[in-house]
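# Summary of the model geometry
As a plain string of letters, each chain reads:
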Amino acid sequence: MTEEKLINGAKAITTKIKIRLLERDMSQVELAKLIGEGPTQVNRAIHADMSPKSIDIRQKIYRVLNIEN
């Protein structure tokens, strides 16, 4: 996978999550509390960090916001 595809994929993830948060009038802090994670960790996950913890958090976010991954 090229760097450009990785960057575009990361942007798509970030955009999809942010749109769902806006649709629900929910902040990242509220989302973090809802899934039992810290706001900083949630922010990293939203911005497509690839650590195992961020991947786990994104899975929780997808479930809460009804996003297919």
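Residues numbered from 1 in each chain as written. Predicted model: local features only at pLDDT ≥ 70, side-chain atom pairs only at ≥ 80, totals over all residues. Heavy atoms only, no water.

Following the criterion strictly, the structure yields 3 salt bridges and no others. Arg20 is paired through a salt bridge with Glu23; the nearest N and O atoms lie 3.5 Å apart. Taken together, the residues Arg20 and Glu23, both in helix α1 (residues 3-23) and 3 residues apart, mark about one turn of the helix. Residue Arg20 is classed as partly exposed on the basis of its relative accessible area of 26%. The exposure class of Glu23 is exposed, given its relative accessible area of 58%. (Salt bridge = Lys/Arg side-chain N within 4 Å of Asp/Glu carboxyl O. Helix = DSSP H or I, 4+ residues; strand = E, 2+ residues; numbered from the N terminus. Buried < 20%, exposed > 50% of the residue type's maximum accessible area, 1.4 Å probe, protein only.)

Close contact between helix α2 (residues 28-35) and helix α4 (residues 52-65) brings their axes to 10 Å; oriented N to C, the two are set at 100 degrees. Judged by the angle between their axes, α2 and α4 are roughly perpendicular. In this structure, α2 contributes Leu31, Leu34 and Ile35 to the contact, and α4 contributes Ile57, Lys60, Ile61 and Val64. For the contact of α2 with α4, a count of residues per class yields 6 nonpolar, no polar and 1 charged. (Axes fitted to C-alpha atoms, helices over the stretch in contact; angles between N-to-C directions. Parallel < 35°, antiparallel > 145°, perpendicular 65-115°, else oblique. Contact = heavy atoms within 4.5 Å. Nonpolar A, V, L, I, M, F, W, Y, C, P; charged D, E, K, R; others polar.)

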